[in-house]
Amino acid sequence: MSDSPSSANRKIIHCDCDCFYASIEMRDDPSLRGRPLAVGGRPEGRGVVATCNYEARHFGIHSAMPMAHALRLCPELLILPPAMEKYRIASNQIQAIMLEYSELMEPLSLDEAYLDVTGSDRCQGSATLIAREIRARVFEQVGITVSAGVAPNKFLAKIASDWNKPDGMFVVRPVDVADFVSQLPVKKLHGVGKVTAARMHSLGIETCADLQTWTPEALTRVFGSFGDRLHQLSHGIDDREVNPTRERKSISVETTYVRDLRSLEACRVEMGELLAQLRKRIARAQAGDTMHKLFVKLRFADFSRTTAECVAHTLAPARVERLLREAHGRSSKSVRLMGVGIRLGPPVTQFELFQEPGNEPVPDMVDDIAEVDDAEARHAAPPEGADDAPSNDAATPGAAASSDRSGADPA
Ligand code: DCP
Ligand code: MG
């Protein structure tokens, strides 16, 4: 097979397992099938739903919902704790199957991955047949169903895999792209979460066809640096390559607040919750000794954003607070999104740790890192541990955790 061209005419498959953790549990105990089942934390504590099967979804239960609330919606709900090791094994098996069709495989989380089959000669080079075969083999060999989307780029393939869930697939051929995107609701776009969608609706923008009537300049005026990207997505354009070697570069958590935070004090209060989530994610990823920088990111009511960043090898709250104060001081507007995260590098030596500055002035401030609003991009990185999943009672429905990552075993 050959390298994938970066332009048009690519063939991308996106695979996403159906109610992944719950599927594995039902596979291992078929008596669970047909009954509402959630995997996640205990309802007595602050446990949340990591996922639930489709029977439970009929009751309105969904990921990240407090388990106690799920139980009120469905008193007969069966609850199981997550068994990450089993999920990792299944994930590796699925990725191994995908790799037989193309080495250009990019995992996004344990249960989803992109595959670029542009240069593959399997199944007569048909991406549709490859996707069908992968789905059948996963079912036979791993015992769960996976849904697939086939399209000329990542953005559309990801939407397509969701189109006929569960246990379905959907193909967007190059000739179908224009029709397909024009009827697409804006909330389907990567980076458009509840808050941005509400803003769009207030501007009369419901579908990509509506977005297409806006110039990139007009979109940038309203949505900042996300404007250009919105323009491209609304036309079905996405040039991102499937990147099999992408390494996790950062781990972060962020929240878009339904009501803006109007003071530094309000930000500090919410920051405590974000930091607790970040600590858990770093621990789970065993990434503590690869931390090189710390950053605090704010997006203000006018959609401008800023990131304060410093070299750091530990998560000292005083340093986070200083970055928060620094970033907050850069605008007089209230805060609609707040995030905190770390950037990763090679493992840190004891010597570097010893050398780490304490309370000296923060070096290396970086301004305004333009990026898509990860927090609102659901697929950026589904959190795995139920108790680590963004809990709505912690902040708002817009809450999410994110991390740049890859690897065969994204922890
Ligand atoms: N997950 C989690 N916390 C969340 C979201 C997801 O722990 N807030 C975990 C459990 C899921 C897995 O990640 O099984 C995959 O996430 P998906 O978003 O793909 O959800 P599912 O696979 O469970 O369901 P779907 O059929 O909608 O893909
Ligand atoms: Mg899934």
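Rules used throughout
Residues numbered from 1 in each chain as written. Chains lettered and ligands numbered in written order. Predicted model: local features only at pLDDT ≥ 70, side-chain atom pairs only at ≥ 80, totals over all residues. Helix = DSSP H or I, 4+ residues; strand = E, 2+ residues; numbered from the N terminus. Buried ≥ 20, exposed ≤ 12 C-beta atoms within 10 Å, placed from the backbone. Contact = placed C-beta atoms within 7 Å. Pairing = 2+ DSSP bridges. Axes fitted to C-alpha atoms, helices over the stretch in contact; angles between N-to-C directions. Left-handed = near helix turned anticlockwise from the far one by under 90°. Nonpolar A, V, L, I, M, F, W, Y, C, P; charged D, E, K, R; others polar. Core = buried A, V, L, I, M, F, W, Y, C linked by C-beta atoms within 7 Å. Domains from an automatic or database assignment.

Here we take up the overall build of the protein. From N to C terminus, the protein includes 14 helices and 13 strands. Within the span of the protein, comprising 411 residues, buried residues form 45% of the whole. A fraction of 68% describes how many contacts in the protein between residues 6 or more apart in sequence connect residues 24 or more apart.

Each α-helix winds once per 3.6 residues, and so residues spaced three or four apart point in a common direction. Among all positions of helix α11 (residues 226-234), only Phe226, Arg229, Leu230, His231, Leu233 and Ser234 are buried. Buried residues along α11 sit against α6 (154-163), α7 (177-182), α9 (208-212) and α10 (216-223). Note on α11: the residue one or two positions beyond its end, glycine 236, has a positive phi of about 75 degrees.

With that settled, the discussion passes to the sheet that holds strand β6 (residues 112-116). Read from one edge to the other, the open sheet built from 5 strands follows the order β5-β6-β1-β7-β8, with strand pairing classed as mixed. Of all the strands in the sheet, the pair left with one neighbour each is β5 (105-109) and β8 (169-171). In this sheet, neighbouring strand axes are inclined to one another by 15 degrees on average, regardless of whether the strands run parallel or antiparallel. With respect to the sheet, helix α4 (residues 84-99) is in contact with β1 (12-17), β5, β6 and β7 (146-151), its orientation differing from that of β5 by roughly 155 degrees. The sheet strands contacting helix α5 (residues 127-141) are β1, β7 and β8, and the helix crosses β7 at an angle near 170 degrees.

The next subject is the packing of α4 against α5. Running from N to C, α4 and α5 point in directions that differ by 145 degrees, and their axes come no closer than 10 Å. Judged by the sense of rotation from one axis to the other, the crossing of α4 with α5 is right-handed. Of the residues in α5, those touching α4 at Gln93, Ile94, Ile97 and Met98 are Ile134, Arg137, Val138 and Gln141. Across the contact of α4 with α5, the residue classes tally to 5 nonpolar, 2 polar and 1 charged.

In this structure, Ile13, Ala38, Val49, Met98, Leu115, Ile134 and Val150 are the most contacted members of the largest nonpolar core, which totals 75 residues. If you count residues domain by domain, this core takes at least three from each of domain 1 (9-149) and domain 2 (179-234). If sequence neighbours within four positions are ignored, leucine 115 has contacts with Ile13, Cys15, Met98, Tyr101, Ser102, Leu104, Met105 and Val242.

Our next topic: α6. In terms of burial, α6 is a largely internal element, 8 of the 10 residues being buried. Looking at α6, one finds that the buried residues are Lys154, Phe155, Leu156, Ala157, Lys158, Ile159, Ala160 and Ser161. Buried residues in α6 make contact with β1, β6, β7, β8, α7 and α11.

Our next topic: the sheet that holds strand β3 (residues 49-52). In any sheet, the strands associate via hydrogen bonds between backbone groups, in a parallel or an antiparallel arrangement. Read across the open sheet, the 3 strands follow the order β3-β2-β4; overall the sheet is mixed. Only two strands of the sheet have a single neighbouring strand rather than two, namely β3 and β4 (78-80). Taken over all neighbouring pairs, the strand axes of this sheet differ in orientation by 30 degrees on average, direction set aside. Direction of pairing for strand β2 (residues 37-40) relative to β3: antiparallel, over a ladder of 3 bridges. Bridging from a neighbouring strand, glycine 40 pairs with valine 49 of β3. Most of the contacts of helix α1 (residues 20-28) go to β2, to which it runs at about 115 degrees, and overall it touches β2, β3 and β4.

Assignment of secondary structure puts histidine 69 in helix α3 (residues 67-73). Owing to 15 C-beta atoms within 10 Å, histidine 69 belongs among the partly exposed residues under this scheme. Separated by 20 residues in the primary sequence, histidine 69 and valine 49 have C-alpha atoms spaced 9.5 Å apart.

Between lysine 165 and the following residue, proline 166, the backbone shows a cis peptide bond with an omega angle of -10 degrees. In this structure, proline 166 sits in the loop between α6 and β8. Residues other than glycine seldom take positive phi values, yet cysteine 123 does so here, at roughly 50 degrees. For cysteine 123, the location among the structural elements is in the loop between β6 and α5. Using a count of 16 C-beta atoms within 10 Å as the deciding quantity, one classes cysteine 123 as partly exposed.

Of all 5 residues in β6, 5 are buried, a share of seventy percent or more. Pairing analysis gives 5 bridges linking β1 to β6, with the strands arranged antiparallel. If you follow isoleucine 13 over to β6, its bridge partner there is leucine 115. With 4 bridges connecting them, β5 and β6 associate as antiparallel partners. What sits directly across from serine 109, in β6, is glutamate 112.

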